[in-house]
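Here are the chains, one letter per residue:
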Amino acid sequence: MLFKEIKAYFTRKHETIPSNMQSPFLIRLSDLLKEGYTFHESVSMLLPFHVKNADKVIHQVTEVQKSGLSVTEVFKLLGFPSRLLLPINLAMIHGQLQETISTLGVNIAIYERAKKRLNNLLMYPLFLFVAIFLLFTIFRMYFLPNMESLLGTRESLKSENSIAWTTVLLQMPNIFLFVIVVVSILISIVLLFLQKRTVEVRLNFSQKIPIVNNWCRLLLTRVFSREMGGLIESGMPLQQSFDALINQPEHKALQFMAEQMKNKIVHGESFSKSVLLLGYFTEDFHHFVVHGENNGYLGRELTLYSEFLSERIETKLSRYLSIIQPTLFFILAIFIIGAYLAILLPIYEMINIV
């Protein structure tokens, strides 16, 4: 059974586009669509460069389109995550598929660059942490027992204190690792607990955590302004735009926010007032909405604001990534100082004894 699952995984892997190649695929697909190629022709031209079992996948794509399924099903077949299926699904409604695919290609490229940079930043500190963890383990196994035996011949409060401090200092990597594991388990439990709760409960919970709150507001505002802006800009009435967001199955939080805003508008509130009352958006989003309502270009204002938020998110990501490595090196420096103290304290005690 396990062998079949492993075989199915690798078979499926050869029939999907790897995550690091999804951005180039989307950008090239957008270029071909812009040049006038049909969607099927563009996908068939690009798949041999991005998928190993290209002939089989092209046949599957053809069957999907023959059966009358949407373009979203094709991207799902190619292994694109659900967070990317939402804008493609809505693009089929407002008719801006080429522009949407181009924007997604750029956004995925930003995400992949951040992920690659994070991996590069973590690689060297993690290697040093493993080396220090092994070194401290060797100290505890060989150095500490020898020091205890040498100092144990002379009963002294100072000797006991130096051995106790040495033991604590040599346990620092273990304590750090234990804290990381406990925090990870607690976060996993909280996430599992929240998955069983409603979208409203999850959103309200995220509002209470400072850093998470800021990121949730940024991401939710960007996706709402991008999708709603595209729908309104295409000429779709406001009520139908909300219905399109409510009927999509990919993004539950967006679905919930659209339902709440539609109810407020039905009860007489304006679009800008409902944005302010909902409370899940960034602080300055309301001002852009008011400006868009006043000048009659609400859809375009929302689209521009989503692009502005994409730039802000990229800037914040770069700022956080620039902090990670110095923080890890600071923790490693504490471990190294602890190792020196763990060695020197018993040695100084032995010198005092002599």
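Quantities reported herein were computed from a predicted structural model and do not represent experimental measurements.

Participant: Run through the overall build of the chain, naming residues and quoting values.
Facilitator: A tally of helices and strands in the chain yields 16 helices and 0 strands. For the chain, buried positions account for 38% of its 354 residues. In the chain, 65% of the contacts between residues at least 6 apart in sequence involve partners at least 24 apart. Only carbon and sulfur atoms are counted for the fraction: they give 64% of the accessible area of the chain, which is about 20,500 Å².

Participant: Kindly report on the layout of surface pockets, identifying the contributing residues and their values.
Facilitator: By volume, the largest pocket amounts to about 1,400 Å³. Considering the residues around the largest pocket, the lining is formed by 41 residues, among which Arg83, Trp215, Leu219, Leu220 and His251 are closest to the centre. Of all elements in the fold, only helix H6 (82–94), helix H7 (97–152), helix H9 (172–195), helix H10 (199–206), helix H11 (210–233), helix H13 (252–266) and helix H16 (298–353) reach the threshold of two or more residues within the lining of the largest pocket. Its residues assigned to classes, the lining of the largest pocket shows 28 nonpolar, 6 polar and 7 charged.

Participant: So what about the pattern of salt bridges? Which residues, and what values?
Facilitator: What the rule picks out here adds up to 7 salt bridges. The partner of Glu233 in a salt bridge is Arg300, with the nearest N and O atoms 3.7 Å apart. Taken as a pair, Glu233 in helix H11 and Arg300 in helix H16 lie far apart in primary sequence, 67 residues in all. Overall, Arg300 belongs to the partly exposed group, its relative accessible area being 38%. Arg312 is paired through a salt bridge with Asp284; the nearest N and O atoms lie 3.0 Å apart. Of this pair, Arg312 sits in helix H16 while Asp284 sits in the loop between helix H14 (271–278) and helix H15 (285–295), and the two are 28 residues apart along the sequence.

Participant: Please provide a residue-by-residue account of the nonpolar core, values included.
Facilitator: In terms of nonpolar packing, the biggest core is built from 36 residues, with Phe224, Met257 and Phe271 touching the most fellow members. Broken down by secondary-structure element, the contributors of at least two residues to this core are H6, H10, H11, helix H12 (238–247), H13, H14, H15 and H16. The leading source of residues in this core is H11, at 8 residues. Setting aside anything within four residues of it in sequence, one finds Phe271 in contact with Phe224, Met228, Leu238, Phe242, Met261, Ile265, Val289, Glu293, Leu298 and Leu302.

Participant: Explain the packing of H13 against H14 to me, and be specific about the residues and the numbers.
Facilitator: Contact geometry for H13 and H14: axes closest at 9 Å, N-to-C directions at 125°. One element, H13, and the other, H14, form an angle in the oblique class. Considering how the two elements wind past one another, H13 and H14 form a crossing that is right-handed. For the pair formed by H13 and H14, the contact residues are Met257, Gln260, Met261, Lys264 and Ile265 on the first element and Phe271, Ser274, Val275, Leu277 and Leu278 on the second. Looking at side-chain class alone, the contact of H13 with H14 contains 7 nonpolar, 2 polar and 1 charged residues.

Participant: With reference to specific residues and values, describe the packing of aromatic side chains.
Facilitator: Each aromatic ring pair is described using two quantities: the centre-to-centre distance and the angle formed by the ring planes. Going through the model one piece at a time under the given rule, you end up with 19 aromatic pairs. Ring geometry for Tyr305 versus Phe308: centroids 5.9 Å apart, planes at 40°, classification tilted. Taken together, the residues span about one helical turn, with Tyr305 and Phe308 both in helix H16 at a distance of 3 residues. Accessibility expressed as a relative area gives 1% for Tyr305, which makes it buried. The exposure class assigned to Phe308 is partly exposed, which follows from its relative accessible area of 35%. Clustering of aromatic rings is evident, with ring pairs tying together Phe224, Phe242, Phe271, Phe281, Phe285, Phe288, Tyr305 and Phe308. Between the NZ or CZ atom of Lys316 and the centre of the ring of Trp215, over which it lies, the distance is 5.9 Å.

Procedures and definitions
Along each chain, residue indices are assigned from 1 in the same order as the chain's sequence is written. Whole-chain, interface and lining totals are the exception, using all residues; otherwise, since this is a predicted model, local features are given only for residues with pLDDT of at least 70 and side-chain atom pairs are given and counted only at 80 or more. Only heavy atoms go into the side-chain values, all of them from the structure, while hydrogens and water stay out. The secondary structure listing takes helices from DSSP runs of H or I that are at least 4 residues long and strands from runs of E that are at least 2 residues long, numbered from the N terminus. Only protein chains enter the calculation, and the probe is 1.4 Å; a residue is then buried if its accessible area is under 20% of its type maximum, exposed if over 50%, and partly exposed in between. When checking whether two residues touch, look at their non-hydrogen atoms; a contact exists if any pair is within 4.5 Å. For the accessible areas, the method is Shrake-Rupley and the probe is 1.4 Å, while residue cover comes only from the protein chains on display. Here a cavity is any set of points on a 1 Å grid over the protein atoms alone where a 1.4 Å probe fits but cannot get out, and a pocket is any open set with protein on both sides within 12 Å along at least 5 of 7 lines; a residue lines the site when it has an atom within 4 Å of a point. Grid points are joined across faces, edges and corners, and a volume is the space filled by probe spheres set on the points. Residues are grouped as follows: Ala, Val, Leu, Ile, Met, Phe, Trp, Tyr, Cys and Pro are nonpolar; Asp, Glu, Lys and Arg are charged; all remaining types, including Gly, are polar. Salt bridges are defined as contacts in which a side-chain nitrogen from Lys or Arg sits within 4 Å of a carboxyl oxygen from Asp or Glu. The set of buried Ala, Val, Leu, Ile, Met, Phe, Trp, Tyr and Cys residues whose side-chain atoms join them within 4.5 Å is what this entry labels a nonpolar core. In this description, a line fitted to the C-alpha atoms serves as the axis of each element, helices being fitted only across the stretch in contact, and the angle between N-to-C directions of two axes falls anywhere from 0 to 180 degrees. Angle categories: roughly parallel below 35 degrees, roughly antiparallel above 145, roughly perpendicular from 65 to 115, and oblique for all the rest. Crossings are classed by handedness, with left-handed meaning an anticlockwise turn of the near helix from the far one by less than a right angle and right-handed meaning a clockwise turn. Geometry of aromatic contacts follows a simple scheme: Phe, Tyr and Trp rings, the Trp one being its six-membered ring, pair when their centres are within 6.5 Å, and the pair is stacked under 30 degrees between planes, edge-to-face over 60, tilted otherwise. Sitting over a ring, as applied to charges here, requires NZ of Lys or CZ of Arg to be within 6 Å of the ring centre and within 35 degrees of the ring normal.

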